Amino acid sequence: MKSAILTLSCVLAYGMQVLNAQQIPIAGKVTDSSGTPLAGVTITVKGTNIAATSNQNGLFTINANQNATLIISSVGYQSQELAVAGRKTINIMLSTNDQEIDEVVVTALGIERSERSLGYAAQKVSAENLTANKQSNVVNALQGKVAGVTISSTGGAPGQGANIQIRGINSADPNRDNSPLFVIDGVLMDNSTSTTGNRATERGISNRAADINPDDIESINILKGGAATALYGLRGANGVVVITTKSGKAGDIRINYSGLAGFENANKFPELQDVYTQGWAYEYDPQSFWPAFGPTIEEAKKLDPTHPDKLKNHFREAFDTGNQFKNSLSLSGGNDKANFLASLAQFSSKGIMPGTDFKNYSGRINTNFKASEKVNFGASMAVNNSGGLRGRAARYMEQLVYWSHRHDVRQDIFKPDGTVGGYSNDNVNPIAQSLSNQFRDDVLRMVGSFNASYKPLSWLDFNYRLGLDMYRDNRTAKAPGMQGLPGEYELSNNGVTAAPGRGLIGVYDTKFRAINSTFIANITKQFNDDFTATLRLGHDLYDRDIVNENTEGGDLTIYNWYNLSNAKIVSAWSGGEKYRLMGFFGELALNYKNYLFFNITGRNDVTSSLLKPNNSFFYPSATASWIFSEHLDTEGALSYGKLRGSFAKIGKDALAYSTSVGSAIYQNLPVGYTGFTRASLLGDPELRPEFTEAYEAGLELKFFQNRLGIDATVYQSTSKDQIIRTPVTSTTGYVTAAINAG
């Protein structure tokens, strides 16, 4: 009997152990604090390798012991541990990790790093801050948001360009562009401002970053120092603006729309005297060039009963009420295997200066695919069409200065016979001049990329990106000639130099194409819990091709027929540029206990703008950062402290063809004849690359749970062998010479 009882007890005990160890299916849903489903959340059974991921609806299933504990984690959210306690359904709400200070920053070549590991100055601008002031040009949208960055706009007209500089001017040569490199989703993007065309330098042409829709941007990271941009090579010598666009998120399809309607007026006008009227030396003359050097109004009215009782404020009357309208629509979605984002945007603006406008239409699609646990790839494409009528704002203001406010600038803009109005040949109505002399640009642009990554081993991965930036910029200038009617006023600007005022037709076409290819191999080794090392090796190729074709005609036979065959004087010129840069680079990044970081980089560039052996050159950089707050009691006011320092040697090559001593087309020969002459630039085949040594030190402090922060930087840079184009005596037959100086 005792034996039977003992056997029964063993059977019951064994049965209880089997029951206790048996796994049960558990289902649930993960949401954020607002109830929105969260996709891609990892649910792990504590102490095991069993894990699951929530789908686009936030749903998951996992098998676990009824007494097990689940660990729920996701980037940007506070992790949780929940006991199963026999439950088969568990709904989870995650809270955002607002105190997370180890923010991820997109740095050179699209490499993501923790903010605490950076040994140089970099600043991030979020999408919310970028679009707060509703600027259509992404460069203008950065105004006042980044320390050490200077932004200047070319004016307030629709589509006006903007210039950006990081830490001032880096080259003594006025012909060199001191603007930073723009990189969008890993693609090197042209941000030049072309001044091709009839008086285009006076018309505030758009910089090409205006082709980016600010609503498509997720974040912008500004890399300021030489160490920050070292991996970009000489292309990043003036700093780098790294733009990351939005991508789709796993979950339901999301549709976002934003609209903008605005009106604008000139907000400041010069003060005008209201005592003296038109004329010279107190003598009244309603056709005088001098706007306000005549007698008083009362004296003038005795001589001219048509004189108004009060002088006009022609500056206020000369400007319209401008407007701008924007509509932006995006569609995004995906799952744990693929996601997408597609967007469309329309922007139109009418300027306050008569005869000016600007339109911008853009579309974008971003896709990402996860083929397997080891292979990922993605593609993106953005298409943009922009342009408008460009006015000469400075010339318009100059004409208003000489316009007498005895006359109404809004009256008789054009005469009944269609010719321009005014009160003398020297004082043609400024509005008529703005409306008749037209310059229009039309830019069609495409920026696309393909990227792939392969991770064959846990410590090894390969990344490749191919990018294409191409556009065509078609510009036309047209102005009517004189009709030969009695009393007709001449507009000298409405013509070419050889035939002023006799009509103009100009066609200016530019084609731009740039390809960049980047390959990176990453090797990461965690030696123990305290020490991690990452080695990166890579190759970079940039190839650019620009073609310009320009034709200009003047002295129109039929005064308002804008066709080159109607021009008696025709001139044509063309040009182009081919440039190639190839680089090999490496980086070693060391991490000790996540509070001490050290990075060294090296890059060797081979450029087409210098000749052998000077076309190949190497330059290194080194950075270090120490999170000293890890060794302090941060329960008080100070919550984060970091010291950083860096050294970089930055190389820079010459402008294209600076080594050339070839000939140029001679354009002043009669029609039917061609010839050659010396080029204006005397190139130097012995030109050497210029180098800049930059030192930087910084201190970052955050107080009161990161609510208040201080970021201070001290830097010094010294440039040697700067490549400049200096004027030379005309007896040499050249205008400038390319030399190394300094």
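What you see as residue numbers is a count from 1 along each chain, following the sequence as written. Note on the predicted model: pLDDT of at least 70 is required for a residue's local features to be given, and 80 or more for side-chain atom pairs to be given and counted; whole-chain, interface and lining totals, by contrast, use all residues. Water and hydrogen atoms were dropped before computing side-chain values, which therefore reflect all heavy atoms in the structure.

Let's talk about the overall build of the protein
Let me state the cut-off plainly: Helix and strand labels come from DSSP, where a helix needs a run of H or I of at least four residues and a strand needs a run of E of at least two; each type is numbered from the N terminus. Any residue under 20% of the maximum accessible area for its type is buried, any over 50% is exposed, and the rest in between are partly exposed; the area is computed with a 1.4 Å probe on protein chains only. Pairs of residues are marked as contacts when any of their non-hydrogen atoms sit within 4.5 Å. Only four residue types enter the tally: Lys and Arg on the positive side, Asp and Glu on the negative side; His and the chain ends are excluded. The atoms used to mark charge sites are NZ of Lys, CZ of Arg, CG of Asp and CD of Glu.
Counting its secondary structure elements, the protein contains seven helices and 40 strands. Each principal axis of the C-alpha distribution contributes one length, and for the protein these read about 140 × 65 × 55 Å. By residue count, 45% of the 742 residues in the protein fall in the buried class. Across the protein, contacts joining residues at least 24 apart in sequence account for 64% of those joining residues at least 6 apart. Between the averaged position of the 68 positive side-chain charges in the protein and that of its 69 negative side-chain charges there is a distance of 6 Å.

Things to note about the sheet that holds strand 16 (residues 240-245)
The strands making up a sheet are joined through hydrogen bonds of the backbone, oriented either antiparallel or parallel. Filter applied, for reference: Whether two strands pair comes down to DSSP finding at least two bridges between them. Axis lines are fitted to C-alpha atoms, over the contacting stretch for helices. Their N-to-C directions set the angle, which ranges from 0 to 180 degrees.
What the five strands build is an open sheet, ordered 10-15-16-13-14; its pairing is mixed. Lying at the two open borders of the sheet, with one neighbouring strand each, are strand 10 (122-126) and strand 14 (187-189). Ignoring which end each strand starts from, the neighbouring axes of this sheet average 25 degrees apart. With six bridges connecting them, strand 15 (residues 217-223) and strand 16 associate as antiparallel partners. When the sheet's bridge partners are listed, Ile217 is paired in strand 16 with Thr245.

Focus on the pattern of salt bridges
Pairing of side chains with opposite charge becomes possible as their charged atoms draw close. Keep this limit in mind: Here, a salt bridge means any Lys or Arg side-chain nitrogen found within 4 Å of an Asp or Glu carboxyl oxygen.
By the definition in use, this model includes 34 salt bridges. Note that Arg410 and Asp320 form a salt bridge whose closest N and O atoms lie 2.4 Å from each other. One end of the pair, Arg410, is in the loop between helix 6 (393-402) and strand 24 (422-424); the other, Asp320, is in the loop between helix 5 (314-317) and strand 20 (322-334), and 90 residues separate them in sequence. The residue Arg472 makes a salt bridge to Asp442 at a minimum N-O spacing of 3.5 Å. Residue Arg472 is found in strand 27 (residues 460-481), and its partner Asp442 is found in strand 26 (residues 438-457); the two are separated by 30 residues along the sequence. Bridged by salt links that share partners, the residues Arg167, Lys642, Arg644, Glu696, Glu700 and Asp711 form one connected network.

Let's talk about the sheet that holds strand 3 (residues 51-53)
On the basis of which strands lie adjacent, the open sheet formed by four strands has the order 3-2-5-6 and antiparallel pairing. Two strands in the sheet have a free side with no partner beyond their single neighbour: strand 3 and strand 6 (80-83). Mean inter-strand twist for the sheet, computed between neighbouring axes without regard to direction, equals 20 degrees. Where strand 5 (residues 69-73) meets strand 6, four bridges bridge the pair, whose relative direction is antiparallel.

Digging into the confidence of the model for the protein
Basically, it comes down to this: The predictor attaches a confidence to each residue, and that confidence, scored 0 to 100, is pLDDT.
Here the protein shows a mean pLDDT of 89. Residues at 70 or above account for 95%. In this model, residues 1-20 is a region of pLDDT below 50 whose contacts with residues beyond four sequence positions or in other chains number four contacts.

Quick notes on a nonpolar patch on the surface
Under the convention used in this document: Within this analysis, patches are made of residues with over 30% relative accessible area and no salt bridge. Like charges are joined at 9 Å or less; nonpolar side chains (Val, Leu, Ile, Met, Phe, Trp, Tyr) at 5 Å or less. For the accessible areas, the method is Shrake-Rupley and the probe is 1.4 Å, while residue cover comes only from the protein chains on display.
A cluster of nonpolar side chains, namely Phe369, Phe377, Phe450, Tyr464, Leu466, Ile515 and Phe519, defines an oily patch on the protein surface of about 560 Å² accessible area. Elements represented by at least two residues in the nonpolar patch include exactly strand 27 and strand 28 (502-526). Topologically, Phe450 is positioned in strand 26. The exposure class of Phe450 is partly exposed, given its relative accessible area of 39%.

As for the nonpolar core
Note the cut-off: The term nonpolar core refers to a set of buried residues drawn from Ala, Val, Leu, Ile, Met, Phe, Trp, Tyr and Cys, joined through side-chain atoms within 4.5 Å.
By size, the foremost hydrophobic cluster in this structure holds 41 residues, and its most contacted members are Leu109, Leu223, Tyr232, Val240 and Tyr542. Not counting chain neighbours up to four residues away, the residues in contact with Tyr542 comprise Leu188, Arg235, Phe512, Ala514, Ile515, Asn516, Tyr579, Arg580 and Leu581. Ile166, Ala209, Ile217 and Val447 belong to the second largest nonpolar core, which has 24 residues in total.

Some remarks on the environment of Glu490
With respect to the helices and strands, the residue Glu490 is situated in the loop between strand 27 and strand 28. The class for Glu490 is partly exposed, based on a relative accessible area of 34%. Sequence spacing of Glu490 and Gly501 is 11 residues, and the spatial spacing of their C-alpha atoms is 5.7 Å. What Glu490 contacts, discounting residues up to four positions off in sequence, is Asn425, Val428, Met482, Pro500 and Gly501.

So, helix 6
Using the following cut-off: By arc we mean the arc of the directions from the helix axis to the C-beta atoms, nothing more.
Of all the positions in helix 6, only Tyr396, Gln399 and Leu400 are classed as buried. The arc enclosing the buried residues of helix 6, seen along the axis, measures out at 100 degrees, which places them on a common side.

Some thoughts on the packing of aromatic side chains
For clarity, the threshold we go by: We call Phe, Tyr and Trp rings a pair once their centres come within 6.5 Å, taking the six-membered ring for Trp, and we label the pair stacked below 30 degrees between planes, edge-to-face above 60, and tilted otherwise. By the criterion adopted, a ring carries a charge over it if an Arg CZ or a Lys NZ lies within 6 Å of its centre and within 35 degrees of its normal.
The final tally for this structure, using the stated rule, is 24 aromatic pairs. Where Trp290 meets Phe293, the ring centres are 5.8 Å apart and the plane angle is 85 degrees; that geometry is what we call edge-to-face. Trp290 gets classed as partly exposed once you look at its relative accessible area, which sits at 35%. Members of the aromatic cluster, connected to one another through ring pairs, are Trp280, Phe289, Trp290, Phe293 and Tyr402. Here the guanidinium or amino end of Arg208 rests over the ring plane of Tyr471, the centre of that ring lying 5.9 Å away. Just above the ring of Phe527 sits the side chain of Lys525; from NZ or CZ to the centre is 6.0 Å.

Considerations on the pairing of strand 23 (residues 375-389)
A regular strand places its side chains so that they alternate between the two faces of the sheet. Inspection of the sheet shows strand 22 (residues 357-370) paired to strand 23 by 12 bridges, in the antiparallel sense. Note that in strand 23 the partner of Phe369 across the bridge is Phe377. Once strand 22 ends, the chain turns through four residues before running back antiparallel as strand 23. In this sheet, strand 26 lies alongside strand 23 in antiparallel orientation, the contact comprising 15 bridges. Note that in strand 26 the partner of Gly388 across the bridge is Asp441.

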